[in-house]
Amino acid sequence: MLQANGEHTHAALIEMLKTMGVPSHFALVKGDRRLALYRLDNPALISPLRRAVPDGVDLISEGEKVDLSGVDLSEGLAKNVAELSVLAAAHVNQLTTSAPEPAASSNALVPFSLRGQADKFKRLAIEAKPLLGDVCLKGQVTIWYAGPGIGKTLLALSLVVDAVREGRIAAGNVFFVNADDNGSGFATKLQIMDDLGAHTLSPGFRNLRNSVLIALLHKLADDDDARGVLVIVDTIKKFGSLMDKKESSAIAQAFRQVAMRGGSVLGLAHTTKNANADGTARYAGTSDLVDDADAVYTISKLSTSTEEKEKVVEFRRVKARGDSAERAAYAYAGETGVPYDELLASVRLIDPQQIDEFKRVEEQRSDADLITVASACITEGINTKMILAKEIASRTGISGREGGRLIDRYTGDDPLQHRWQFKRGGRGAFIYELLPLLPPGDLAPT
């Protein structure tokens, strides 16, 4: 590094550098009658310096002119190149990083800035704790998708009753927007909410219109009245088309504003008629609600038999922020003609360890006719896998591939899960034989 006073000229500086053995490229940093000269530790640094040299830094090569006006050199000169400081890559990055522009004092965005409001939003925020079971958390936007007859409204209201009873929410902070019911059903649910002390809203009453709800949710948020409130919207499609991205986005934005102010929103929506490839329910409409929600669930039946005393449904999580359950199952009375209040009282949570057992039993029930045909074939001596699969396909109309999968699905030595087993025959053939049947009561989950 050179720091000096004197009358050295450009030519004298270049000659001095040659004498010192300075390489052909070096950086010259000038300012306030001071001059600092650095060696470059890597020739590759030349390019980034040339691309973005800030004020006060020159990159010079031998023979190039150097403006030394205002800079005096007379003493403190380095005697050789070894005495020069090295300009390393880290320093180059600092030198080539432009200074930031002055902070904006006023522009079109400044009036909307929330700078300085952190404490306010901390007060408004609410911890994401379980509210309606583990499938709807406080301070979040949650969407449940289910087909008709699944019982999504029944489950929502039952879990609301539990939440009030267990002190997770005040009844007066529950607002059930019932927009998808007949007269009798509406009156029954209104009475249940009245008995609980919760609010019921419905388009067409008290001057509430479908088009107004979104504006009301925004006002709830803007007035800072959303904290601790739960809004249940049944169903979302009554307030905008879920097939329209603009309308779906508007609904999602209104829900989000309530949650940002410490409220909770549960929206109920429908699934499509066609399930996913794995048999799970598929949500209907655009992805806007799913994208903007904190948690999304589909609800599907696990038990569909009319002979069952209970219906069992499973929540499967599609999306989550926080610790909402990945899946959950609930059962409720399955007989026809049960009064709604009794249905509500019958809802119970299924032990997670029993969910797979319910699914297994339901799978066996849905495969019952195919199992009967396969068993008959084995009894008749059609008991090698390839021939058995083709015969099942021929008698039932399914494909041979599906027949083979059916055979595999129920092959084993556990009578609770399997219907046949195999042994090795001549030349390695798989010979299937039936397992002893258990009494029907032993097939149902306890």
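See the structure above.
Reading the values: rules and limits
- Residues numbered from 1 in each chain as written.
- Predicted model: local features only at pLDDT ≥ 70, side-chain atom pairs only at ≥ 80, totals over all residues.
- Heavy atoms only, no water.
- Salt bridge = Lys/Arg side-chain N within 4 Å of Asp/Glu carboxyl O.
- Helix = DSSP H or I, 4+ residues; strand = E, 2+ residues; numbered from the N terminus.
- Buried < 20%, exposed > 50% of the residue type's maximum accessible area, 1.4 Å probe, protein only.
- Contact = heavy atoms within 4.5 Å.
- Polar contact = N/O pair within 3.5 Å; in protein donor to acceptor, adjacent residues only side chain to side chain.
- Core = buried A, V, L, I, M, F, W, Y, C linked by side-chain atoms within 4.5 Å.
- Pairing = 2+ DSSP bridges.
- Right-handed = clockwise from strand over helix to strand, strands pointing away.
- Axes fitted to C-alpha atoms, helices over the stretch in contact; angles between N-to-C directions.
- Parallel < 35°, antiparallel > 145°, perpendicular 65-115°, else oblique.
- Left-handed = near helix turned anticlockwise from the far one by under 90°.
- Nonpolar A, V, L, I, M, F, W, Y, C, P; charged D, E, K, R; others polar.

What about the pattern of salt bridges?
Taken as a whole, this structure holds 17 salt bridges when the rule is applied. Between D294 and R321 there is a salt bridge, and its shortest N-O distance comes to 2.8 Å. Remark: R321 occurs in the loop between β11 (310-320) and β12 (327-333) and D294 occurs in the loop between α9 (288-292) and β10 (295-303); sequence separation between them is 27 residues. By relative accessible area, which is 6% here, D294 ends up buried. On the basis of relative accessibility, which here comes to 39%, the residue R321 falls in the partly exposed class. Counted as one network, the salt bridges with shared partners bring together D162, R165, E166 and R168.

What about the environment of Y340?
Checked against the element boundaries, Y340 lands in helix α10 (residues 340-346). Separated by 151 residues in sequence, Y340 and K189 place their C-alpha atoms 8.3 Å apart. Residues within four places of Y340 in sequence aside, it is in contact with T153, L154, L157, T188, K189 and I192. In terms of polar contacts, Y340 uses its side chain to reach the backbone amide nitrogen of L154, at 3.5 Å.

Description of the environment of D367
Following the sequence through the fold, D367 ends up in the loop between α11 (352-366) and α12 (368-379). Put simply, D367 and L406 are 39 residues apart on the chain and 8.3 Å apart in space, counted from C-alpha to C-alpha. In contact with D367, other than residues within four places in its own chain, are L406, R409 and Y410. There is a polar contact of 3.0 Å between the side chain of D367 and the side chain of R409.

A look at the nonpolar core
Here is a general trend for soluble globular proteins: nonpolar side chains tend to be buried in one another's company. Membership of the largest hydrophobic core comes to 40 residues, with the highest contact counts inside it found for L132, W144, L266, F315 and Y330. Contacts of F315, omitting those with residues within four sequence positions, involve V135, W144, L155, Y297, T298, I299, E326, R327, A328 and Y330. Of all hydrophobic cores here, the second largest spans 26 residues; its members include V177, L217, A226 and V265.

Comments concerning the pairing of strand β9 (residues 264-270)
Most of β9 is tucked away: six of the seven residues are buried. The pairing of strand β5 (residues 141-146) with β9 spans six bridges and is classified as parallel. In the sheet register, T142 faces β9, and the bridge partner there is L266. Sheet analysis places strand β8 (residues 230-234) next to β9, joined by five bridges and oriented parallel. Residue pairing across strands places L230 opposite S264, the latter belonging to β9. Following the chain from β8 across helix α8 (residues 245-260) to the adjacent parallel β9, one finds a crossover that is right-handed.

A few points about the packing of helix α7 (residues 213-222) against α8
Where α7 meets α8, the axes come as close as 8 Å, and the angle between the chain directions of the two elements is 25°. Taken together, α7 and α8 sit at an angle that is classed as roughly parallel. The element α7 and its partner α8 pack so that their crossing is left-handed. Contacts from I214, L217, H218, L220 and A221 of α7 reach α8 at A250, I251, Q253, A254, F255, Q257 and V258. Looking at the contact of α7 with α8 residue by residue, the classes come out as nine nonpolar, three polar and no charged.

Don't take any of this as a statement about function, it's just geometry.
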